[in-house]
Amino acid sequence: LQRVAERHAWPRADFEALAGLFELMPLGTIERINEAAIEASGEPLLEGDDVLEINTYALERMKA
(Lines give C-alpha, C1' and ligand atoms only; values in the text may rest on other atoms or scores of the structure.)
Protein backbone atom coordinates (compact mmCIF):
# COMPACT_ATOMS: atom_id res chain seq x y z
CA LEU A 1 0.00 0.00 0.00
CA GLN A 2 2.83 2.40 0.78
CA ARG A 3 4.33 1.89 -2.67
CA VAL A 4 0.96 2.23 -4.40
CA ALA A 5 0.31 5.48 -2.51
CA GLU A 6 3.50 7.03 -3.94
CA ARG A 7 1.60 8.05 -7.09
CA HIS A 8 -1.80 9.52 -7.95
CA ALA A 9 -2.16 7.07 -10.85
CA TRP A 10 -0.43 3.95 -12.12
CA PRO A 11 -0.19 2.94 -15.76
CA ARG A 12 -1.19 -0.73 -15.83
CA ALA A 13 2.28 -1.85 -16.96
CA ASP A 14 3.93 0.00 -14.07
CA PHE A 15 1.52 -1.53 -11.56
CA GLU A 16 2.16 -5.00 -12.97
CA ALA A 17 5.91 -4.43 -12.62
CA LEU A 18 5.44 -3.29 -9.02
CA ALA A 19 3.37 -6.36 -8.18
CA GLY A 20 6.05 -8.51 -9.80
CA LEU A 21 8.69 -7.05 -7.48
CA PHE A 22 6.75 -8.55 -4.60
CA GLU A 23 6.01 -11.78 -6.53
CA LEU A 24 2.28 -10.99 -6.55
CA MET A 25 -0.30 -11.47 -9.26
CA PRO A 26 -1.39 -7.98 -10.43
CA LEU A 27 -5.13 -8.70 -10.72
CA GLY A 28 -5.25 -10.46 -7.37
CA THR A 29 -3.34 -7.59 -5.80
CA ILE A 30 -5.82 -5.05 -7.14
CA GLU A 31 -8.72 -7.13 -5.87
CA ARG A 32 -7.24 -7.53 -2.38
CA ILE A 33 -6.31 -3.86 -2.07
CA ASN A 34 -9.80 -2.85 -3.20
CA GLU A 35 -11.44 -5.27 -0.76
CA ALA A 36 -9.48 -3.71 2.10
CA ALA A 37 -10.31 -0.21 0.87
CA ILE A 38 -14.01 -1.01 0.66
CA GLU A 39 -13.91 -2.34 4.22
CA ALA A 40 -12.22 0.86 5.40
CA SER A 41 -14.06 3.45 3.32
CA GLY A 42 -16.89 1.89 1.35
CA GLU A 43 -15.01 2.67 -1.89
CA PRO A 44 -12.28 0.93 -3.91
CA LEU A 45 -8.78 2.37 -3.85
CA LEU A 46 -7.78 1.52 -7.44
CA GLU A 47 -10.08 2.45 -10.30
CA GLY A 48 -9.59 2.24 -14.05
CA ASP A 49 -8.27 -0.07 -16.73
CA ASP A 50 -5.26 1.21 -18.67
CA VAL A 51 -4.41 3.64 -15.88
CA LEU A 52 -5.25 2.83 -12.28
CA GLU A 53 -6.36 6.01 -10.53
CA ILE A 54 -5.91 6.26 -6.77
CA ASN A 55 -9.06 7.15 -4.83
CA THR A 56 -7.67 9.64 -2.32
CA TYR A 57 -10.67 9.33 0.01
CA ALA A 58 -10.21 5.56 0.26
CA LEU A 59 -6.46 6.00 0.72
CA GLU A 60 -6.91 8.39 3.63
CA ARG A 61 -9.42 6.07 5.30
CA MET A 62 -7.00 3.13 4.91
CA LYS A 63 -4.19 5.13 6.54
CA ALA A 64 -6.37 6.05 9.52
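See the structure above.
The model shown is predicted, which means the values in this text are computed figures rather than measured ones.

**Q** Describe the overall build of the chain, listing the residues and the values that go with them.
**A** Counting secondary structure elements, the chain contains three helices and three strands. Along the chain, from the amino end to the carboxyl end, the secondary structure elements read β-α-α-β-β-α. Here the C-alpha atoms of the chain give a radius of gyration of 11 Å, agreeing with the 11 Å that 2.2 N^0.38 yields for 64 residues. For the C-alpha atoms alone, the extent of the chain along its principal axes is close to 25 × 20 × 20 Å. Among the 64 residues that make up the chain, the fraction classed as buried is 28%. Restricting the contact set of the chain to residue pairs at least 6 apart, pairs at least 24 apart contribute 39%. Total accessible area on the chain stands at roughly 4300 Å², and carbon and sulfur atoms take up 52% of it. Mean positive and mean negative side-chain charge positions of the chain (6 and 13 charges, respectively) differ by 6 Å.

**Q** How would you sum up the packing of aromatic side chains? Please name residues and give values.
**A** Summed over the entire model, instances satisfying the criterion amount to one aromatic pair. Aromatic side chains tryptophan 10 and phenylalanine 15 sit 6.4 Å apart centroid to centroid with 85° between the ring planes, which places their arrangement in the edge-to-face category.

**Q** Talk me through the nonpolar core; I want residue IDs and the actual numbers.
**A** Counting residues in hydrophobic clusters, the biggest one holds 13 residues, and the most contacted among them are Val4, Trp10, Phe15, Leu45, Leu46, Leu52 and Ile54. Those elements giving two or more residues to this core turn out to be α1 (12-21), α2 (26-41), β3 (51-54) and α3 (56-63). What isoleucine 54 contacts, discounting residues up to four positions off in sequence, is Val4, Arg7, His8, Ala9, Trp10, Leu45, Leu46 and Leu59.

What counts and what doesn't
Residues numbered from 1 in each chain as written. Predicted model: local features only at pLDDT ≥ 70, side-chain atom pairs only at ≥ 80, totals over all residues. Heavy atoms only, no water. Helix = DSSP H or I, 4+ residues; strand = E, 2+ residues; numbered from the N terminus. Rg over C-alpha atoms; globule rule 2.2 N^0.38 Å. Buried < 20%, exposed > 50% of the residue type's maximum accessible area, 1.4 Å probe, protein only. Contact = heavy atoms within 4.5 Å. Areas by Shrake-Rupley, 256 points an atom, 1.4 Å probe, with all protein chains shown as cover. Lys, Arg positive; Asp, Glu negative; His and termini not counted. Charge placed at Lys NZ, Arg CZ, Asp CG, Glu CD. Phe/Tyr/Trp six-rings, centres within 6.5 Å; stacked < 30°, edge-to-face > 60°. Core = buried A, V, L, I, M, F, W, Y, C linked by side-chain atoms within 4.5 Å.

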